[in-house]
Amino acid sequence: MQVDLAMNRDSSTDPAATVEICFASLNTKRASELCLLSMRARAQHPFHLKVGDCGSNDGSIEMFQRYEQRGRLALEVAPNGRTHAQWLNHWFCATECRYLVFCDSDIEFLQAGWLATMMRTALESGAALVATRIQAESGIAYTNPKTGAVRTLAPRPEPWLMLMDTVQISQCFQPDFSYRDQVHDDGTKTAFDVGAVFYEQLLSHSLKCATLADTFQDSYHHFGGLTWLRRGISWKQQARQVVKRAWVTSRWLRAKALYR
């Protein structure tokens, strides 16, 4: 089955028609539109865009449909919702492109050539994964801001922006982007957050991961937490979220004026 998956994908050496970008959305209309506008304006490399919406009621679906009618993206709607990991697992299995980029909906791309840089890195290095950075390489302590749960985080590529060579990966294993807790004998737990299990699979099959230069961080801004940090957080965190949403709005208005 894994070999069949690889054979169904375009494995040609011409990457121009073989890049697909996917991001998921839930009631983040302004951030999502900022993402797709800045993404296209500054990629400097051809790509297809697929958006997955979890049943938004803030006008996101109607906005995406307008862009779909213009040929800017393909929209999938899961009215009963999907987790982030479910979207990623689904997209990896469904894509017919060799190169697949996962992106969060609350990213603004700031510098020209961000996708061209990722693709150049993939082609020159032959890596199966191009990551912006690897988080928690030695494991770090983490307390969930909503539940208070304490975990040690397992290493993972930053999940909000990464590029994969689906042919290399699917020839070796079927990736799993799901969350997993590992319980140790002393009762402590290691959290394999979204992308960590996949990273473990990648390393266990000796596939190469290329990490982008630190300067690549200037190519984009990840606002973070606009969907899951909404309820059950402290008033200080709520205040930070209000400021962040105002920041998104100002950047969205600027992007609408620049890119439309």
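What counts, and where the lines are drawn
- Residues numbered from 1 in each chain as written.
- Predicted model: local features only at pLDDT ≥ 70, side-chain atom pairs only at ≥ 80, totals over all residues.
- Heavy atoms only, no water.
- Core = buried A, V, L, I, M, F, W, Y, C linked by side-chain atoms within 4.5 Å.
- Buried < 20%, exposed > 50% of the residue type's maximum accessible area, 1.4 Å probe, protein only.
- Helix = DSSP H or I, 4+ residues; strand = E, 2+ residues; numbered from the N terminus.
- Contact = heavy atoms within 4.5 Å.
- Polar contact = N/O pair within 3.5 Å; in protein donor to acceptor, adjacent residues only side chain to side chain.
- Expected span 1.5 Å × (residues − 1).
- Phe/Tyr/Trp six-rings, centres within 6.5 Å; stacked < 30°, edge-to-face > 60°.
- Lys NZ or Arg CZ within 6 Å of the ring centre and 35° of its normal.
- Patch = residues over 30% accessible without salt bridge, like charges linked within 9 Å, V, L, I, M, F, W, Y side chains within 5 Å.
- Areas by Shrake-Rupley, 256 points an atom, 1.4 Å probe, with all protein chains shown as cover.
- Salt bridge = Lys/Arg side-chain N within 4 Å of Asp/Glu carboxyl O.
- Lys, Arg positive; Asp, Glu negative; His and termini not counted.
- Charge placed at Lys NZ, Arg CZ, Asp CG, Glu CD.
- Axes fitted to C-alpha atoms, helices over the stretch in contact; angles between N-to-C directions.
- Parallel < 35°, antiparallel > 145°, perpendicular 65-115°, else oblique.
- Left-handed = near helix turned anticlockwise from the far one by under 90°.
- Nonpolar A, V, L, I, M, F, W, Y, C, P; charged D, E, K, R; others polar.

Chemist: Any chance you could explain the nonpolar core here in plain terms?
Modeler: Proteins that are soluble and globular tend to have nonpolar side chains buried together. Residues Met39, Trp114, Leu115 and Leu161 are the most contacted members of the largest nonpolar core, which totals 41 residues. For this core, the element with the most residues is helix α2 (residues 29-42), which contributes 6 residues. In this structure, Trp114 is in contact with Ile21, Met39, Arg42, Ala43, Phe109, Leu161, Phe216 and Ser219, ignoring residues within four places of it in sequence. Core analysis: the second largest hydrophobic core is formed by 24 residues, Cys54, Phe102, Ile134 and Val194 among them.

Chemist: Just to check I follow, could you spell out the side chain of Thr95 for this structure?
Modeler: With respect to the secondary-structure elements, Thr95 resides in the loop between α4 (84-94) and β4 (99-103). For Thr95, the side chain forms a polar contact with the side chain of Glu20, separated by 2.8 Å.

Chemist: Explain α2 here, please?
Modeler: One turn of the α-helix equals 3.6 residues, which is why residues spaced by three or four share an orientation. Between its terminal C-alpha atoms α2 stretches 20 Å, which fits the 20 Å expected from 14 residues at 1.5 Å a residue. Within α2, 10 of the 14 residues are buried, which leaves it mostly tucked inside the rest of the structure. Along α2, the residues that are buried comprise Ala31, Ser32, Glu33, Leu34, Cys35, Leu36, Leu37, Ser38, Met39 and Arg42. The positive-phi residue at the C-terminal boundary of α2 is Gln44, with phi of around 55°.

Chemist: What is the right way to read the packing of aromatic side chains from this model?
Modeler: In this description, an aromatic ring pair is defined by two values, namely the gap between the centres and the angle between the planes. The tally for this structure, following the rule as stated, stands at 9 aromatic pairs. When the centroid spacing of 5.4 Å and the interplanar angle of 80° are considered together, the rings of Phe102 and Phe177 count as edge-to-face. A residue pair is termed long-range when its members are at least 10 positions apart, and Phe102 in strand β4 and Phe177 in the loop between α6 (166-172) and β12 (180-183) qualify at 75 residues. Phe102 gets classed as buried once you look at its relative accessible area, which sits at 1%. Aromatic rings pair up to connect Trp87, Trp91, Phe102, Phe173, Phe177 and Phe198 into one cluster. Arg70 extends its terminal NZ or CZ atom over the ring of Tyr67, reaching a point 4.8 Å from the ring centre. Arg82 extends its terminal NZ or CZ atom over the ring of Trp87, reaching a point 4.4 Å from the ring centre.

Chemist: For this particular structure, what's the right way to read the side chain of Asp106?
Modeler: Among the secondary structure elements, Asp106 is positioned in the loop between β4 and β5 (107-109). At 2.8 Å, the side chain of Asp106 forms a polar contact with the backbone nitrogen of Gly224.

Chemist: Just checking my understanding: could you explain a positive patch on the surface for this structure?
Modeler: Where like charges cluster on the molecular surface, the positive patch consists of Arg40, Arg66, Arg70 and Arg72. Note on placement: Arg72 falls in the loop between α3 (60-69) and β3 (74-77).

Chemist: Teacher, can you tell me more about the packing of α2 against α3 here?
Modeler: Pairs of packed helices are described in terms of their axes, by the angle between the two and the distance that separates them. Where α2 contacts α3, the two axes come as close as 9 Å, and the packing angle between them is 20°. Comparing their axes, α3 and α2 come out roughly parallel. α2 and α3 meet at a crossing whose hand is right-handed. Residue-level contacts link Lys29, Ser32, Glu33, Leu36 and Leu37 of α2 to Ser60, Met63, Phe64 and Tyr67 of α3. Residues belonging to the contact of α2 with α3 are distributed by class as follows: 5 nonpolar, 2 polar and 2 charged.

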